[in-house]
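# Fold and geometry: a report
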Amino acid sequence: MSDPLLFEDTFTITAINAQKYDRVSRLTCTSNDASLTFTLDVNSELYPCAVGESLSLAIASTLSLDGKEDTRASWREVSMGDATLADDYDYVCHGKVYRFEEGATKDTMAVFVSFGGLLLYLEGPYKKLAPLRIDHVYLLLKK
């Protein structure tokens, strides 16, 4: 089987904007080597964060540990008894990759993902983000 993780890196929260919506904060983060940045909307009631905290962000094609495609009728059934990738993380979302753009330099790209209205904008080296060229992904966060 294949590795379910398409992308994984550690980031530091550089800014939080919680002014626009109740219970939603927009996190701005930079990777430890400063090659990647992301902006992510999170439910701040479920996952409170603070500037300066370190986050591990992973994006996976499936939550199955062996990399098999999900066979459940709904992603909500994922915790029905079997061990999954989600067990190792604090905050998990399922979403749709809806847009790609060229980044600020020729070797970078930007990926846009929607998690039911909560958005992710991830920018970094094309080499690291190219595996995200699929339709549906899981976002996994832990501190």
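See the structure printed just above.
First things first, this report covers the structure right here in the doc. For every chain, the first residue of the written sequence is number 1, and numbering continues from 1 along that sequence. In keeping with the predicted nature of the model, local features appear solely for residues at pLDDT of at least 70, side-chain atom pairs appear and are counted solely at 80 or more, and the whole-chain, interface and lining totals rest on all residues. Excluded from the side-chain calculations are hydrogens and water; all other atoms, namely the structure's heavy atoms, are used.

### Notes on the overall build of the protein
Here is the rule we go by: Where helices and strands are cited, they refer to DSSP runs of H or I of at least four residues and of E of at least two residues respectively, numbered from the N terminus. We take the radius of gyration over the C-alpha atoms and set the globule estimate at 2.2 Å times the residue count to the 0.38 power. The cut-offs for exposure are 20% and 50% of the maximum accessible area for each residue type, with area from a 1.4 Å probe on protein chains only; residues under the lower value are buried, those over the upper are exposed, and the others partly exposed. Two residues form a contact once any of their heavy atoms are found within 4.5 Å. Using the Shrake-Rupley algorithm and a 1.4 Å probe, accessible areas are obtained, with residue cover drawn only from the displayed protein chains.
Helix and strand counts for the protein stand at one helix and eight strands. Beginning at the N terminus, the succession of helices and strands in the protein can be written as β-β-β-β-β-β-β-α-β. Computed over C-alpha atoms, the radius of gyration of the protein comes to 15 Å, within 12% of the 15 Å expected from 2.2 N^0.38 for 143 residues, which places it in the range of a compact globule. Dimensions of the protein, computed from C-alpha atoms along their principal axes, come out at roughly 40 × 35 × 25 Å. When each of the 143 residues of the protein is scored for burial, the buried share is 39%. Partitioning the contacts of the protein with sequence separation of at least 6, the portion at a separation of at least 24 is 57%. A total of about 8,100 Å² of accessible surface is found on the protein, and carbon and sulfur atoms cover 49% of it.

### Some remarks on the pairing of strand S6 (residues 108-115)
Put simply, the test is: Between any two strands, at least two bridges found by DSSP are needed for them to pair.
Extensive coverage of S6 is indicated by the burial of seven of its eight residues. Strand direction decides the pairing type here: strand S5 (residues 91-102) and S6, joined by six bridges, are antiparallel. Bridge pairing in S6 links Val97 to Val113. Once S5 ends, the chain turns through five residues before running back antiparallel as S6.

### With respect to the nonpolar core
Where we set the bar: Nine residue types can take part in a nonpolar core, namely buried Ala, Val, Leu, Ile, Met, Phe, Trp, Tyr and Cys, and a core is a set of them joined through side-chain atoms within 4.5 Å.
Of all hydrophobic cores here, the largest spans 30 residues; its most connected members are Phe7, Phe38, Leu120, Leu122, Leu139 and Leu141. Of all the secondary structure elements, the ones that give two or more residues to this core are strand S1 (5-21), strand S2 (24-31), strand S3 (37-43), strand S4 (54-60), S5, S6, strand S7 (118-125) and strand S8 (136-142). Setting aside residues up to four positions removed in sequence, Phe7 forms contacts with Leu36, Leu57, Ala58, Ile59, Leu122, Lys128, Leu129 and Leu132. Judged by nonpolar contacts, the second largest core, of eight residues, contains Ala60, Leu63, Leu85 and Leu140.

### Considerations on the pattern of salt bridges
Note the cut-off: Every case where a carboxyl oxygen of Asp or Glu lies within 4 Å of a side-chain nitrogen of Lys or Arg is listed as a salt bridge.
The final tally for this structure, using the stated rule, is six salt bridges. In this structure, Lys128 and Asp9 form a salt bridge, with 3.8 Å as the shortest nitrogen-oxygen distance. Residue Lys128 is found in helix H1 (residues 126-129), and its partner Asp9 is found in strand S1; the two are separated by 119 residues along the sequence. By relative accessible area, Lys128 is classed as partly exposed at 35%.

### Details of the sheet that holds S6
Threshold: Convention adopted: a line fitted to C-alpha atoms gives each axis, helices being fitted over their contacting stretch, and angles between N-to-C directions are expressed from 0 to 180 degrees.
Taken together, the eight strands give a closed barrel; going around it, the order is S1-S2-S3-S7-S6-S5-S8-S4, and neighbouring strands pair in antiparallel fashion. Mean inter-strand twist for the sheet, computed between neighbouring axes without regard to direction, equals 35°. Pairing between S4 and S8: five bridges, direction antiparallel. Note on S8: the bridge partner recorded for Leu57 is Leu141.

### Let's talk about unusual backbone geometry
Here Arg23, not a glycine, exhibits a phi torsion of approximately 65°, which is positive. Among the secondary structure elements, Arg23 is positioned in the loop between S1 and S2. What makes Arg23 partly exposed here is its relative accessible area of 49%. Unusually for a residue other than glycine, Ala34 sits at a positive phi of about 65°. For Ala34, the location among the structural elements is in the loop between S2 and S3.

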